[in-house]
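Close look at the chain arrangement
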Amino acid sequence: MKLWVLAFVAFFVLIVSPFFGPEFISLERILNGDAAFLFYELRIPRSLITFMAGAGLALSGMTFQSLFRNDLATPYTLGVSTGASLGVSLFIASGIYLSGGTSLFAFLGALLSVMIVYGIGQTKAKMHMNVVLLAGVAMAMTFSSFIMLIQVLVKEMDAVRIIRWLMGSIDVVGMESVYAVAPFFFVGIFFIYKKRVELNLITMGESVAYSRGVDTERLRKHLFLMTSLLVAGIVSECGPIGFVGMMIPHIGREVVGADHRKLFWFSLLAGGSFLILCDLIGRVFFDSLVLPVGVITALLGGPFFLYLILKKK
C-alpha cells in the first residue's frame, strides 16, 4: 500500500466522521443552525481526540515493540493504563467534586506507575528492559487488585462509574480535552519521528546500533519516558483503550515492512483511522447504548492476540 493512499483515507475518515453518530447530521442542518452545536462542540472534538488517541497508541505500541524486541509488547504492558485506572478509582471513591479531576487523577496515576517501573528497571550503569517489562506486568496486577478492592468498598453508583471508565470511552464536550491531549501527542510523536532511524538500528541488535554511533541506553531511557508520557496523556482523557498499540504496528509490518521510516506513518494514519471507525461502530450500530470504543477494540483485539500466539507457535 502506498502511504499517500492511506493518508487520503485517513483524511477522508477524519473529515466525514463528525457527520455520523446516533443520528446523521446533514450539511443543510449545520448551515441552518439546527445541529451546529452538536456538530462543532461534540462531533468535531470527538473525532479529533479519537484520531489522536488511536495514532498515539499505535505509535507507542510500535516503539515499545522495538525497544523490548517483543512482538507482544504494548503501552499497557508497563502498567500505565492500570495506574491511570487506579487514579480514577481513587478519585471517584474519595467523593471529591473537582472539575477535570478524573483526567488529573488518571494522569497522576499513570505517572506514578511510570516512575515506579522506571525506578525498578534503572541502575547507575544501564536500564534493564527485561526487568522493566516484568515490573510493568507486576504493577499492572497490583493496581488491578486495588481497583477491585475499591469497587467492592464504594457505593454501587460509584462502582458503575469506575467500570464505565475502565471500558475506555470517549465522551468530550468542547475542545478542552483536545487541547489537554494535544501537547502530549505532538511532543511524543515528534520525538518518536526524530528517532525512527535509531529504532531501525536498535531492532537489528545492540551491537549494530552501537557500531553506528547510537547510545542505546540513552535512547531507551528517552523513548521509554516520552512514550509513557504520551500514553499517560491519552489515557487520562480517553480511558484505557486496549489492543490498538498491539494490532496496528503488526499490520503495518505486514503491509509496509519493518522500516520505521514507513512504519511510523502507517501507525500514525492507520491507528487514528482505526479508532475513529471503532468509535463509529459503537455509536451508529449501538445508538441506544453508545458502546464504549474500548469494548469494540477489545472484541477485535482478543482474537487478533490469539492469532499472533498461534502464528508464533
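Numbering of residues starts from 1 in every chain and runs along the sequence as written. Only residues with pLDDT of at least 70 get local features here, since the model is predicted, and only at 80 or more are side-chain atom pairs given and counted; chain-wide, interface and lining totals rely on the full set of residues. Only hydrogens and water are removed before side-chain values are computed, so all heavy atoms of the structure are retained for them.

A separate point is a nonpolar patch on the surface. Like charges are joined within 9 Å and nonpolar side chains (Val, Leu, Ile, Met, Phe, Trp, Tyr) within 5 Å, but only among residues with over 30% relative accessible area and no salt bridge; these make up the patches. Residue burial considers only the protein chains on display, and all accessible areas are found by Shrake-Rupley using a 1.4 Å probe. When a carboxyl oxygen of Asp or Glu lies within 4 Å of a side-chain nitrogen of Lys or Arg, that pair is called a salt bridge. There is a patch of nonpolar side chains on the surface, built from Phe 20, Phe 24, Ile 281, Val 284, Phe 285 and Phe 286 and spanning about 550 Å² of accessible area. Numbered from the N terminus, helices here are DSSP runs of H or I no shorter than four residues, and strands are runs of E no shorter than two. Counting through the fold element by element, Ile 281 comes out in helix H13 (residues 260–284). Of the residues examined, Ile 281 reaches a relative accessible area of 33% and is grouped as partly exposed. Only protein chains enter the area calculation, which uses a 1.4 Å probe; residues under 20% of their type maximum are buried, those over 50% are exposed, and those in between are partly exposed.

What follows concerns unusual backbone geometry. Phi at Phe 243 is positive, roughly 75°, even though this residue is not glycine. Tracing the sequence through the fold places Phe 243 in the loop between helix H11 (216–238) and helix H12 (244–255).

Of all the residues in helix H9 (residues 196–204), the buried ones are Arg 196, Leu 199, Asn 200, Leu 201 and Ile 202. Any two residues having at least one pair of non-hydrogen atoms within 4.5 Å are treated as being in contact. Buried residues along H9 sit against helix H3 (36–68), helix H8 (176–194), helix H10 (206–211), H11 and H13. Just downstream of H9, Gly 205 is the residue with a positive phi angle, here 135°.

The next subject is the side chain of Ser 89. Tracing the chain through its elements places Ser 89 in helix H4 (residues 80–94). A relative accessible area of 0% places Ser 89 in the buried class. Polar contact is the term for a pair of N or O atoms within 3.5 Å; when the atoms are in protein, one must be able to donate a hydrogen and the other to accept it, and sequence-neighboring residues count only if both atoms are side-chain atoms. From its side chain, Ser 89 meets the backbone oxygen of Ser 85 in a polar contact 2.8 Å long. The residues touching Ser 89, leaving out its near neighbours within four places in the chain, are Ile 147, Ile 150 and Ile 162.

In this section: the pattern of salt bridges. Close approach of charged atoms lets side chains of opposite charge pair. The final tally for this structure, using the stated rule, is 5 salt bridges. In this structure, the salt-bridge partner of Arg 261 is Asp 259, at a minimum N-O distance of 3.0 Å. For the salt bridge of Asp 279 with Arg 283, the shortest nitrogen-to-oxygen distance reads 3.2 Å. Note that Asp 279 and Arg 283 are positioned in helix H13 at a spacing of 4 residues, about one turn of the helix. Residue Asp 279 shares its accessibility class with Arg 283, and that shared class is buried.

The next thing to look at is the nonpolar core. One finds Phe 68, Phe 185, Ile 241 and Val 244 to be the most contacted residues of the largest nonpolar core, which totals 85 residues. Counting residues per element, this core draws most heavily on H3, at 12 residues. With 5 residues, the next largest nonpolar core counts Phe 19, Ile 30, Ala 35 and Phe 39 among its residues. The definition of a nonpolar core used throughout is a set of buried Ala, Val, Leu, Ile, Met, Phe, Trp, Tyr and Cys residues joined through side-chain atoms within 4.5 Å.

What follows covers the packing of H3 against H9. Whenever a helix is involved, its axis is fitted only over the stretch in contact; in every case the axis is a line through C-alpha atoms, and angles between N-to-C directions fall within 0 to 180 degrees. Interhelical geometry of H3 versus H9 gives an angle of 35° and a closest axis separation of 8 Å. Contacts from Met 62, Thr 63, Ser 66 and Leu 67 in H3 reach Leu 199, Ile 202 and Thr 203 in H9. Taken together, the residues of the contact of H3 with H9 sort by class into 4 nonpolar, 3 polar and no charged. All amino acids are sorted into three groups, where Ala, Val, Leu, Ile, Met, Phe, Trp, Tyr, Cys and Pro are nonpolar, Asp, Glu, Lys and Arg are charged, and the leftover types, Gly among them, are polar.

Take H11 next. Multiply 1.5 Å by the residue count of a helix minus one, and that product is the helix's expected span. Helix length check: H11 (23 residues) gives 32 Å between terminal C-alpha atoms against 33 Å at 1.5 Å per residue, within 8%. Of all the 23 residues making up H11, 18 are buried; the element is thus mostly covered by neighbouring parts of the structure. Downstream of H11 by a residue or two, Gly 239 has a phi angle that is positive, lying close to 85°.

Turning our attention to the packing of H4 against helix H5 (residues 101–121). Helices that pack against each other are described as a pair by the angle of their axes relative to one another and the distance between those axes. Where H4 contacts H5, the axes come no closer than 7 Å and their chain directions differ by 135°. Taken together, the axes of H4 and H5 lie oblique to each other. Considering how the two elements wind past one another, H4 and H5 form a crossing that is right-handed. Every residue of H5 that contacts H4 at Val 80, Gly 83, Ala 84, Gly 87, Val 88 and Phe 91 is listed here: Gly 101, Thr 102, Phe 105, Ala 106, Gly 109, Ala 110, Ser 113 and Val 114. Its residues assigned to classes, the contact of H4 with H5 shows 8 nonpolar, 6 polar and no charged. These descriptions rest on fixed angle ranges, namely under 35 degrees for roughly parallel, over 145 for roughly antiparallel, 65 to 115 for roughly perpendicular, and the rest for oblique. By convention the crossing between two helices is left-handed if the near helix lies anticlockwise of the far one by an angle smaller than a right angle, and right-handed if it lies clockwise.

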